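Observations on the three-dimensional arrangement
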Amino acid sequence: MDITDLHKLFLKSNGICTDTRKIKNNNLFFALKGDNFNGNTYAKQAIEKGALYAIIDDEKFAVSEQYILVNDTLKTLQNLAKHHREYLNIPIIALTGSNGKTTTKELINCVLSSSYQTTATSGNLNNHIGVPLTLLSMNKNTEIGIVEMGANHQKEIEFLCKIACPDFGYITNIGKAHLEGFGSLEGVLKGKTELYRHLKKHNKLIFLNTEDTKLSKAAEGIKTYTFSQTQESDITIQLKDVNPMVSVLLENKDIHSHLIGSYNFTNISAAIAIGFYFKINTEKIKTAIESYIPSNNRSQIIQKKESTIILDAYNANPSSMSVAIDNFHSLDYKNKTVFLGDMFELGDTASDEHQKIAEKTIQTSFNTIYLIGHNFFETSITDPRIIKYRSFEALKENEPFSNIKDAILIKGSRGMKLERILDLIK
């Protein structure tokens, strides 16, 4: 079956499913493989649960006309997504970057959905499977698509661009993320700007923060729509306050967000700029930004008895950890406690980067500093405020933390699951 015929079946279906636990009637089930599973073995179950067809790549499971045999199920999913994207022929905005991708994507979606029918990446489904699924979740009602792209190696963004064929692109920033795969900060820049090179090749447009010198240099020779705090860009957006939520000034209007940290100013500004480009008026943009409330352990503010907790435990790398520490240090609280968890995917740089963060914490006004995880435990640092634990389990043995008052920052990589600390604070 060629991709055109498969697409016709897709249009008659109730969408794509890759997990039989979530199957719906008339879904197309794609039998993907993983390190510990083979989706072909679940094809029969998918049909029994109501799937219209099961797309498989092992002929021994092809027992009826409801099983469509292909050479490679994943590649077929990706090819179908590309075909569907071309079929819809709608504007696609792609975004990537080291930090803030998902928050920025959500903000852009809030702004654009105030005037358009949008479809955006769900959660952080931003890889070689997630991007195709995002594209295949779009339909004829979708007016603008918003696709988040993640990567931890060279050529990944290039590959995702070939599937999504974006018309617009935005890179949040370049930081010390996924150093294990990219090798260096220069490697991160090279990998993320694959989005720029794709857009340049196809004469498309970049949304650019002109205050980011690295990305401004990388964007030379490419069509841009720019934003900054100066008058030299297409749109001027000013940071008004961070106390602790970010508020900005746009055309003499104050916009009060529910996001903490000056680092979220750029994320908000990008969403505003993209809204302006798509001719959305200031009042709608203001309402959209002010309505967005972060969730999923991203920059959440939680009140617990006498404590204000900043929960930022969705992910961490040296760049995001550093700005989170700076922001927390700047906040006007008498007593400050931090729980910092290991940063993953740093490869050979892990020891050095954790040492730098540990040293940075003792230059602050923090009252107590908990460092959690193997890499932080191995740091060589002496300060009476620092308490180190090799794991969350070791930390838990010392609960409850009933004497913590005022402000708490919790930040670490997703694998550390530091949101569990909330249960320890009584």
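Residues numbered from 1 in each chain as written. Predicted model: local features only at pLDDT ≥ 70, side-chain atom pairs only at ≥ 80, totals over all residues. Heavy atoms only, no water.

Time to look at the sheet that holds strand β16 (residues 253-260). Across the sheet, which stays open at both edges, the 3 strands sit in the order β14-β15-β16 with antiparallel pairing between neighbours. Pairing within the sheet leaves two strands with one partner each, and these edge strands are β14 (238-242) and β16. Taken over all neighbouring pairs, the strand axes of this sheet differ in orientation by 25 degrees on average, direction set aside. Of the pairings in the sheet, the one linking β14 to strand β15 (residues 245-250) comprises 4 bridges and is antiparallel in character. In the strand pairing of β15, glutamine 238 is matched with leucine 249. (Pairing = 2+ DSSP bridges. Helix = DSSP H or I, 4+ residues; strand = E, 2+ residues; numbered from the N terminus. Axes fitted to C-alpha atoms, helices over the stretch in contact; angles between N-to-C directions.)

Turning to the UniProt feature "binding site: ATP" (unreviewed entry) in the chain, a few remarks are in order. If you check UniProt for "binding site: ATP" (unreviewed entry), the listed places come out as Gly97, Ser98, Asn99, Gly100, Lys101, Thr102 and Thr103 in our numbering. Residue placement: glycine 100 occurs in the loop between β7 (92-96) and α4 (101-112). Leaving out residues up to four positions away in the same chain, glycine 100 has contacts with Thr172 and Asn267. Within the element layout of this structure, threonine 103 appears in helix α4. In this structure threonine 103 comes out as buried when scored by relative accessible area, which is 10%. In this structure threonine 103 touches Leu259, Asn264, Asn267, Tyr292 and Arg298, once residues within four positions along its chain are discounted. (UniProt positions renumbered as here; feature names shortened; annotations may be inferred. Contact = heavy atoms within 4.5 Å. Buried < 20%, exposed > 50% of the residue type's maximum accessible area, 1.4 Å probe, protein only.)

To continue, consider the UniProt feature "domain: Mur ligase N-terminal catalytic" (unreviewed entry) in the chain. According to UniProt, the "domain: Mur ligase N-terminal catalytic" (unreviewed entry) feature falls on residues 14-84. Helix makes up 25% of residues 14-84 and strand 23%, with an end-to-end C-alpha separation of 15 Å.

Membership of the largest hydrophobic core comes to 64 residues, with the highest contact counts inside it found for Phe30, Leu135, Met149, Tyr196, Met321, Phe328 and Leu340. Counting residues per element, this core draws most heavily on helix α6 (residues 156-164), which supplies 5 residues. Those residues within four positions of methionine 321 in sequence are excluded, and the remaining contacts are Ala316, Leu340, Gly341, Met343, Ile357, Phe376 and Lys411. Judged by nonpolar contacts, the second largest core, of 36 residues, contains Leu95, Val246, Leu259 and Ile280. (Core = buried A, V, L, I, M, F, W, Y, C linked by side-chain atoms within 4.5 Å.)

Below, the discussion takes up helix α9 (residues 194-201). Along α9, the residues classified as buried are Glu194, Leu195, Tyr196, His198 and Leu199. Summarising the contacts, the buried residues of α9 are in contact with β7, α6, β10 (168-171), α8 (185-192), β11 (205-209) and α10 (213-218).

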